[in-house]
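Below, each chain spelled out in residue letters.
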Amino acid sequence: MKQANEPKLNKIERYKRELPPADFSPERVKDWQNVDERCRFYLKNFGLYNNKLRPDLWMIRLRFDGGLITPEALKLLARIARQETARLLLTARGQMELHDLRAGRVLPLWRELKAAGLQTCQVISDNFRGIVIDPLDGLASDNRIECLSILQEIRERVVGKREWIGTLPRKFNTALIGREAPSFNPWGNDLLLALARDGDRWGFNLYLGGKNSETAREADIFCPPESAADLFEAVAKVYREHGPRGSRSKTRLFHLIEEVGMPQIRVWIEEESGTPLPRAGELRMQSSHRNRDHLLPIRRYGRHGEISPEELEKAVQEAQSHEHTLRLTPHQELWAFDPDLVHQEIQNPKSKIPNHASTGSVTACAGSRYCPLSLWDIKEDLALLPLGRLEKLGVSLGFSGCLKGCGRHYHSDLGLIGLRTNLYAETERAARIFLGALQAPEPMPARMLYYSVPLRRLGELLHTILDDYEASDRADFETFSREVLARYSIETLQLWYLVRQLHELPNNLVELFYAGDEFVLLSKIDELPDMPQNPELYEKIKQLSHRLWDLV
Ligand code: SF4
């Protein structure tokens, strides 16, 4: 329904009007060395990606909804990667990417993958991206609804269907969670069906409008498993029909909800469904911090999303010899496990199969070796961070190379964006810091703690935050965030972590921090020696940050 005051269509929408993406085929491209912006848009709908900053190199993204992948597909990808000297990445949506492909090889490889039955359709641009479920969906002891069959029903309705190829206003991420304690944070999805209970029946509550910088919000709809695919389709139609198509930066489902409000979205969903929908039930999906998969005998392959052809082949060989199931996971990993063994909760971590899994997890965006938008080689630069301690404490870290946030910095305990700054010295590497994402029952994205911290002092800051968490005696970092950090304004936390690094603080002041009384804490901080006399909190923070981080 076009509104009278609808803003001018953005350029991508104008392309779509000229030629629907479903009517395009990569076979039409004659000169792969010189594709223009319009052609790049169409190719994205088929999983073929190239950036004008690196026009000579291409990427193919493959679609594995739910992370379902066969040994044959893995072997094929390993062979192609070796033959093309391409690099392989595992993504945070459980997909796989082939990077560094030469222009002349893209079309033959795309044909080869297609002939082998592999999907590259609708994985980039304005499409339903790979649908995410928990890797132990249907198997874990806390599983209440098996989501795989729902995922397959949704797939059949939308993947490869011309009315859905490139027809949404923007990308659309979906997560289906039937476990009580999922193994990852799913709140950044546009559509989240989260395990819920209505009286004596299990089902899902619907949450909408998540994205890299926002958590999904309750739509106040309960849905039994048998109606989940219908509900998904109703939401998708509402978004396709009413979603904004003006400025590209304001076209996500989130922006439609901002514009018209969730009650109106609910009305539209009911109209599409053709029936009144039950109100939300009791949310039973908990935080991923409650997840205990690290106690299970799971082999994990890949390191922060990178995996070599040799490791892929090894994974296939080991899985086949042990009759293990293979899954690509939202942790940027490939898992292999015995479906019979993971059905039970293993209390003894000394399992017969070595499991190097941690309770914490790192999500690292592709970084400068794969993505021209990144200022940091994120995968490599992770080595500069206290990963061992994060892992030991079960603290999650999301690390992005730019504001787009593929590293999920807003959906992690600690989030980073790699930057450069000249605030404290000649231009140097620095990071923007985010703190304290919350999950169920009241999800919130992480808050930005500092705009820019020089890399040379980043480790010290992270250790100080971890010291506070450890001393807080809270069960996990999210509880620390909810019960301690969330009680303070971000300015107070900025001041706190500056004085924590500049001063040896007395025990009574540290104890005050855990009490969560902002006014008392600020007045006690003011009594510290050498505190700036300026009454404005902002000025104090500015002066102390220069005192701490200026390179003199
Ligand atoms: S966060 Fe930015 S730099 Fe990293 S992969 Fe995404 S777009 Fe590229």
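Computed from a predicted model, the values in this text were never measured in an experiment.

As a general point, the strands of a sheet are linked pairwise by backbone hydrogen bonds and lie either parallel or antiparallel. Read from one edge of the open sheet, five strands run S1-S2-S4-S3-S12, paired in antiparallel fashion. This sheet does not close on itself; its edge strands, each paired only once, are strand S1 (48–51) and strand S12 (306–307). In this sheet, strand S2 (residues 54–62) lies alongside S1 in antiparallel orientation, the contact comprising three bridges. When the sheet's bridge partners are listed, Asn51 is paired in S2 with Arg54. With respect to the sheet, helix H2 (residues 37–44) is in contact with S1 and S2, its orientation differing from that of S1 by roughly 150°.

Burial analysis of strand S4 (residues 96–102) places six of its seven residues in the buried class, the great majority of the element. From the end of strand S3 (residues 87–90) to the start of S4, which pair antiparallel, there are five residues, and Gly94 there has a positive phi angle of about 70°.

Here we take up the pattern of salt bridges. Any two side chains of opposite charge can pair if their charged atoms end up close together. With the rule as written, the count across this model stands at 48 salt bridges. Measuring nitrogen to oxygen at the nearest pair gives 3.5 Å for the salt bridge that ties Glu84 to Arg102. Of this pair, Glu84 sits in the loop between helix H3 (71–83) and S3 while Arg102 sits in strand S4, and the two are 18 residues apart along the sequence. By relative accessible area, which is 4% here, Glu84 ends up buried. Classification of Arg102 by relative accessible area gives partly exposed; the value is 47%. Taken together, the shared-partner salt bridges connect Glu13, Lys16, Asp126, Arg245 and Arg248 into one network.

Further remarks concern helix H14 (residues 490–502). Look at H14: 18 Å from first C-alpha to last across 13 residues, which is about the 18 Å you get at 1.5 Å a residue. Among the 13 residues that make up H14, eleven are buried, leaving the element largely enclosed by the rest of the structure.

Below, the discussion takes up the pairing of strand S6 (residues 174–177). Burial along S6 is two-sided: Thr174 and Leu176 and Ala175 and Ile177, pointing in opposite directions, are all buried. Bridge count between strand S5 (residues 132–133) and S6: two bridges; the pairing is parallel. Considered in S6, the bridge of Val132 is made with Ala175. Remark: the S5/helix H5 (residues 148–158)/S6 crossover connection has left-handed handedness. Pairing of S6 with strand S7 (residues 191–198), which is carried by four bridges, proceeds in the parallel orientation. For Thr174, the partnering residue across the bridge sits in S7 and is Leu191.

Okay, the UniProt feature "domain: Nitrite/sulphite reductase 4Fe-4S" (unreviewed entry) in the protein chain next. Following the UniProt record, one finds the feature "domain: Nitrite/sulphite reductase 4Fe-4S" (unreviewed entry) at residues 126–276. Its end C-alpha atoms 29 Å apart, residues 126–276 is made of 30% helix and 19% strand.

Taken together, the side chains of Leu423, Met448 and Tyr451 define a hydrophobic patch exposed on the protein surface, amounting to about 300 Å² of accessible area. Mapped onto the secondary structure, Met448 falls in strand S19 (residues 447–454). Residue class for Met448 comes out partly exposed when judged on its relative accessible area of 34%.

Moving on: the packing of aromatic side chains. Tallied over the full model, the rule gives 23 aromatic pairs. Relative to Phe399, the ring of Trp376 has its centre 5.4 Å away and its plane inclined at 75°; by these criteria the two rings are edge-to-face. Taken together, the residues Trp376 in the loop between strand S15 (362–364) and helix H10 (378–381) and Phe399 in strand S16 (residues 397–400) connect sequence positions 23 residues apart. Ring centres of Tyr450 and Trp549 lie 5.2 Å apart, and the angle between their planes is 90°; on these two criteria the pair is classed as edge-to-face. Of the two residues, Tyr450 sits in strand S19 while Trp549 sits in helix H17 (residues 537–549), which places them 99 residues apart along the sequence. Per residue, the accessibility class of Tyr450 equals that of Trp549, and both read buried. What links up through ring pairs into an aromatic cluster is the set Tyr15, Phe24, Phe41, Tyr42, Phe46 and Trp110. Over the face of the ring belonging to Trp164 we find Arg240, whose NZ or CZ atom lies 4.0 Å from the ring centre.

Counting 54 residues, the largest nonpolar core has Leu414, Tyr497 and Phe513 as the members making the most contacts within it. Broken down by element, this core gets its largest block of residues, seven residues, from H14. Excluding residues that lie within four positions of it along the chain, Tyr497 makes contacts with Leu449, Tyr450, Leu461, Thr464, Ile465, Asp468, Phe480, Leu485 and Phe513. With 52 residues, the next largest nonpolar core counts Val158, Leu191, Leu208 and Met285 among its residues.

This brings us to the domain arrangement of the protein chain. What the domain assignment lists for the protein chain is domain 1 (19–127 + 292–343), domain 2 (137–288) and domain 3 (365–549). Computed from C-alpha atoms alone, the centre-to-centre distance between domain 1 and domain 2 is 25 Å. On the domain 2 side, the residues contacting the 25 residues of domain 1 number 28 residues. For the pairing of domain 1 and domain 2, the buried interface totals around 2100 Å² over both sides, and the portion due to carbon and sulfur atoms is 49%. If you sort the residues of domain 1 by the area they bury against domain 2, Arg93, Gln122 and Asp126 come out on top, with a joint share of 26%. At the junction of domain 1 and domain 2, the tally comes to four salt bridges. Taking the shortest distance from any N to any O, the salt bridge between Asp23 and Arg162 comes out at 2.7 Å.

Analysis parameters
- Residues numbered from 1 in each chain as written.
- Predicted model: local features only at pLDDT ≥ 70, side-chain atom pairs only at ≥ 80, totals over all residues.
- Heavy atoms only, no water.
- Pairing = 2+ DSSP bridges.
- Helix = DSSP H or I, 4+ residues; strand = E, 2+ residues; numbered from the N terminus.
- Contact = heavy atoms within 4.5 Å.
- Axes fitted to C-alpha atoms, helices over the stretch in contact; angles between N-to-C directions.
- Buried < 20%, exposed > 50% of the residue type's maximum accessible area, 1.4 Å probe, protein only.
- Salt bridge = Lys/Arg side-chain N within 4 Å of Asp/Glu carboxyl O.
- Expected span 1.5 Å × (residues − 1).
- Right-handed = clockwise from strand over helix to strand, strands pointing away.
- UniProt positions renumbered as here; feature names shortened; annotations may be inferred.
- Patch = residues over 30% accessible without salt bridge, like charges linked within 9 Å, V, L, I, M, F, W, Y side chains within 5 Å.
- Areas by Shrake-Rupley, 256 points an atom, 1.4 Å probe, with all protein chains shown as cover.
- Phe/Tyr/Trp six-rings, centres within 6.5 Å; stacked < 30°, edge-to-face > 60°.
- Lys NZ or Arg CZ within 6 Å of the ring centre and 35° of its normal.
- Core = buried A, V, L, I, M, F, W, Y, C linked by side-chain atoms within 4.5 Å.
- Domains from an automatic or database assignment.
- Buried area = accessible area lost by both parts, 1.4 Å probe.

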